[in-house]
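Fold and geometry: a report
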Amino acid sequence: MIIIDGSEGEGGGQMVRNSCALSLVTGQPFRITNIRGKRSKPGLMRQHVTAVEAAAAISGSACSGLSVGSSELTFTPGKARAGDYRFAVGTAGSTGLVLQTVLMPLLLADGPSRLVLEGGTHNMQAPPFDFIERCFLPVINRMGPRVSARLVRHGFYPRGGGRIEVEIAPAPLAPLDCTRRGALLGVRAQAPYCGLAGEIPQRMIDRARKELPNWGAADFAIRKLPEDQGPGVILMLEARYQEATEIVSGFGQLGVTAERLGKTAAARMRGYLECEAFAGPYLADQLILPFVLAGGGAFTTVKPSQHLITAIDIAQRFTGRAVRLEQQSESGHRVWVG
Amino acid sequence: MKPTTVISFLGSTLDAAKFGPSRWMKWRPSVGLCMHEDLRVDRFVMIHGNLHSRLADYVTQDIAAVSPETRVERHVLDFADAWDFEEVYGRLLDFARGLPLDPDAEDVLVHITTGTHVAQICLFLLTEAHYLPGRLLQTQPRRGAPDAAGTWSVIDLDLSRYDSIATRFANESAERSSFLKSGIETRNPAFNTMIDEIEQVASRTRAPILLMGPTGAGKSQLARRIFELKKLKRQMGGSFVEVNCATLRGDSAMSALFGHRKGAFTGAAADRAGLLRSADGGMLFLDEIGELGLDEQAMILRAIEDKHFLPVGADKEAQSEFQLIAGTNRDLAACVAAGTFREDLYARLNLWTFTLPGLAERREDIAPNLDYELDRHAEREGERVTFNKEARADYLAFALSPAARWSGNFRDLAASVTRMATFSPKGRIDVAAVTKEIARLKSLWTDGAETDDDGLERWLSAEAVADLDPFDRVQLAYVVETCATARSLSEAGRTLFAASREKRASTNDADRLRKYLARFGLGWDDFRGRQ
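Only a predicted model underlies this, so the values are computations on that prediction, with no experimental measurement involved.

Helix and strand counts for chain A come out as eight helices and 16 strands. Across the 338 residues of chain A, 58% fall into the buried class. For chain A, the share of sequence-separated contacts (at least 6 apart) that also reach a separation of at least 24 residues comes to 70%. Carbon and sulfur atoms make up 48% of the accessible area of chain A, which totals about 13000 Å².

Attention now moves to the confidence of the model for chain B. Here chain B averages 89 in pLDDT, while 98% of its residues score no lower than 70. Here the complex is predicted with pTM 0.69, and the ipTM for its interfaces comes to 0.89.

Below, the discussion takes up the sheet that holds strand β8 (residues 162-169) of chain A. Residues and elements named next belong to chain A. In spatial order, the strands read β5-β6-β8-β7; together these four strands make up an open sheet with mixed pairing. Every interior strand has two partners, whereas the edge strands, β5 (84-88) and β7 (146-153), have only one. Put simply, the sheet's adjacent strands are angled 15° from each other on average, direction ignored. Each of β5, β6 (113-119), β7 and β8 is contacted by helix α3 (residues 95-107), which is oriented at about 165° to β6, the strand it contacts most.

In this section: the sheet that holds strand β3 (residues 62-64) of chain A. All names here are of chain A. The four strands lie next to each other as β1-β2-β4-β3, forming an open sheet whose pairing is mixed. Whereas interior strands pair on both sides, the edge strands pair on one side only; in this sheet they are β1 (2-5) and β3. Taking each pair of neighbouring strands and ignoring which way they run, the sheet shows an average axis angle of 15°. Bridge analysis of β1 against strand β2 (residues 30-33) gives four bridges, and the strand direction is parallel. Residue D5 lies in a different strand from β2, and its bridge partner there is T33. Against the sheet, helix α2 (residues 46-57) engages β3 and β4 (73-76), with an angle of about 15° to β4. Strands in contact with helix α8 (residues 306-319) are β1 and β2; relative to β1, the strand with the most contacts, it is inclined by about 165°.

For the rest of this paragraph, the subject is the interface of chain A and chain B. In this assembly, 26 residues from chain A lie in contact with 21 residues from chain B. Buried surface at the junction of chain A and chain B, summed over both partners, amounts to about 2100 Å²; 58% is from carbon and sulfur atoms. Sorting the residues of chain A by area buried against chain B places R46, R159 and L254 of chain A first, and these three jointly supply 33% of that buried surface. If you look at where chain A meets chain B, you find three salt bridges. Notably, a salt bridge pairs R40 of chain B with E53 of chain A, separated by 3.1 Å at the nearest N-O pair. The interface formed by chain A and chain B contains ten residue pairs in polar contact (both at pLDDT 80 or more). Take the side of chain A that touches chain B: its biggest share by element is five residues, from α2 of chain A. Partitioned by chemical class, the residues of the side of chain A that touches chain B number eleven nonpolar, ten polar and five charged.

Moving on to the packing of aromatic side chains. The final tally for this structure, using the stated rule, is 16 aromatic pairs over all chains. The interplanar angle of 10° and the centroid separation of 6.1 Å between the aromatic rings of Y85 of chain A and F87 of chain A together place this pair among those described as stacked. Residue classification places Y85 of chain A among the buried residues on the basis of a relative accessible area of 15%. Here F240 of chain B and F285 of chain B contribute two aromatic rings whose centre-to-centre distance is 6.4 Å and whose plane-to-plane angle is 20°, an arrangement assigned as stacked. Remark: F285 of chain B occurs in strand β9 (residues 283-287) and F240 of chain B occurs in strand β8 (residues 240-244); sequence separation between them is 45 residues. F285 of chain B shares its class with F240 of chain B; the two are buried. Within the aromatic cluster, the residues linked to one another by ring pairs are F30, F75 and F318 of chain A. Taking NZ or CZ as reference, R334 of chain A lies 4.7 Å from the ring centre of W336 of chain A, over its face.

Turning to the pairing of strand β4 (residues 107-111) of chain B, a few remarks are in order. Residues and elements named next belong to chain B. Counting buried positions along β4 yields four of five residues, so the element is predominantly enclosed. With five bridges connecting them, strand β1 (residues 4-9) and β4 associate as parallel partners. What sits directly across from I7, in β4, is V110. Relative to strand β5 (residues 135-140), β4 is paired through three bridges, and the arrangement is parallel. Among the inter-strand pairings, H111 is bridged to a residue of β5, identified as L137. Where the polypeptide runs from β4 across helix α4 (residues 117-128) and back to β5, its parallel neighbour, the crossover connection is right-handed.

The rules behind each value
Residues numbered from 1 in each chain as written. Chains lettered and ligands numbered in written order. Predicted model: local features only at pLDDT ≥ 70, side-chain atom pairs only at ≥ 80, totals over all residues. Heavy atoms only, no water. Helix = DSSP H or I, 4+ residues; strand = E, 2+ residues; numbered from the N terminus. Buried < 20%, exposed > 50% of the residue type's maximum accessible area, 1.4 Å probe, protein only. Contact = heavy atoms within 4.5 Å. Areas by Shrake-Rupley, 256 points an atom, 1.4 Å probe, with all protein chains shown as cover. pLDDT = per-residue confidence, 0-100. Pairing = 2+ DSSP bridges. Axes fitted to C-alpha atoms, helices over the stretch in contact; angles between N-to-C directions. Buried area = accessible area lost by both parts, 1.4 Å probe. Salt bridge = Lys/Arg side-chain N within 4 Å of Asp/Glu carboxyl O. Polar contact = N/O pair within 3.5 Å; in protein donor to acceptor, adjacent residues only side chain to side chain. Nonpolar A, V, L, I, M, F, W, Y, C, P; charged D, E, K, R; others polar. Phe/Tyr/Trp six-rings, centres within 6.5 Å; stacked < 30°, edge-to-face > 60°. Lys NZ or Arg CZ within 6 Å of the ring centre and 35° of its normal. Right-handed = clockwise from strand over helix to strand, strands pointing away.

See below:
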């Protein structure tokens, strides 16, 4: 039994999700105590419960302490089974986070799986669908398995109601060297929206353009989605390199001006463009699990977040594999497994 | 943890919105409460009228979108008048009784933000009465930015769970306990615990209270403070009526308690209300209830059970509603066994029984009570009397020692303070005054408490009496009693030395007696002078 103190490190939710995934892959039970102990609302939140329920549903695992507000969770893993699964996620949760919980076990399961995930696809708590599809899954596919994801319908906060479909063809994970991103192939800015005045995405785009003067007018696009999917708006800035793709986003929020969202997103994109790292902060978090399970490989990234350090710590405890984090330049870091 | 069930009215105004994307910019309580990360609603019991079925459809759909975990269970409840208290309460009570709810298996939250005010009040009442076995749920829009989810909070009607309220309750309770103790900072743990209990009982019940304890333990004072406390808390009006049942002997007892009609008996020149009527709406303190006759006991029992009784000579019953506090220094259970006290009345009184310890059993409280008595004296006489330091130490040393029996309890203490204060005209009690008082108390307790007054104090000073050995005292008491009734010293001598007179030829009984009396500073003149 692996005992994890949930009040240590950052990202109580990520800790729970990664522990479930690693537990299913390694067959080791775990217990998390003091879940989100330092938060104003401690204990498991609804989206965490949903993620653990999904992990249990694909494997017949047994949980105790699985309820909203619970500060201690015990998870005794079953065996992940390939199959067709459908999970619906409540309003603030995200389909991406459920995928993050069940993807590794299903990648290493005994056959292909198909997932239908309903709920939020583009909301604040998690990277948007586009990030999963174009930044994260291509790396997984280069490691061996075949995973494809399709966005059927957008789901914005607070309405939710989005839908994504994921096809998973398992294969062993091969170690990968992701230390270089290669030459820049192209950039793109998109602002899909619905149920709002069209000037809002336009103002986001205008402001982002001002911050990114090298990007051409044709790189920016506004897309109106069907009214009933809204309200919602997101600005996604994408940079495609030979080896890597990064997407940063600004989520439309009540009470935050379109200009501020555009400016913040552009500043984050500039930060990525100006460095040489393969993985931005969010991709780095997500790469820890597949790299550790591949048993080797390396990637470069920006200044490590507390989330990344916690993810490394949890992965090491379940697999016993050493994960090293080394600073290479002022902001450049290298993570390698071996 | 158990799954959560919410019982809620559909808000015909609050939950309504233009059907379009903009509805998500508005706070709708029914939808909003299914949007919280820290609240998972598994079962949503939605109450609405037929008129609002379409709105209920929309809201149900939106709840499904934001909370796939939630199963919405719709109940149509049509009110003729949703502001009519009687109708709404009755319908909701039926609804609550018919609703399958398992509080052991689900955590029930009763949402009181939607519905008419009358409906909200009824939900509150049903929850408080446990017809709806749950806690109250309140939601509200978030302040500042518009937000679809709003905020939520659970109100537990058990107020002791709220820290600040619990602290206030504790403070008030401490204040009330202190009030019952007349502000005296008593230190005896058993006594303090008892007062805390009385405080709790007094504010929650109008049932009779029985105060047991020796004479002078403070039963009467405590009863009065209980009444004043209840009056202060607006739990009681009326007045405090106190009577010592030992004074209600014979024919007049019935009339004093229950009143009489004019002409009911000789001397009944006018109507008399009686003590029970005077206590209507207030409190009746029957001290020494064990002294009450059996007939009066039966009437009292009826009066506390039915609030009705029959005045003497009346053909119509009178009514009075009062709280009864009974005091006794007898063992009422033993009186029941002996047949002098009614068992049914005892059973009725024996619900809240408190035994007040005597002062000797709570010596640690003597010092605070001494200060209290000094304060009382000052209040009464308008003049403050204080001890000098040594005098106070001497007095307390004696008061706390086993030599001080305090057989009259607080009555003795109060009298003692009054004496010392009176004998200290300059307002300062000194060592000499204390020494004299100690002698008085000693003599009071040496025999006064256990045997009848032997009359020695008529002839000797209290100090002299206090200095007597019990061995001498008995003898001297008999001697002075004989002297007091004899016509001459010789006659007294003959009576006292009668046995030896028989055996001896010549005797001088008078001389022998004179010498004996002289040892105690007495002479024959003392007896002649006072006869």
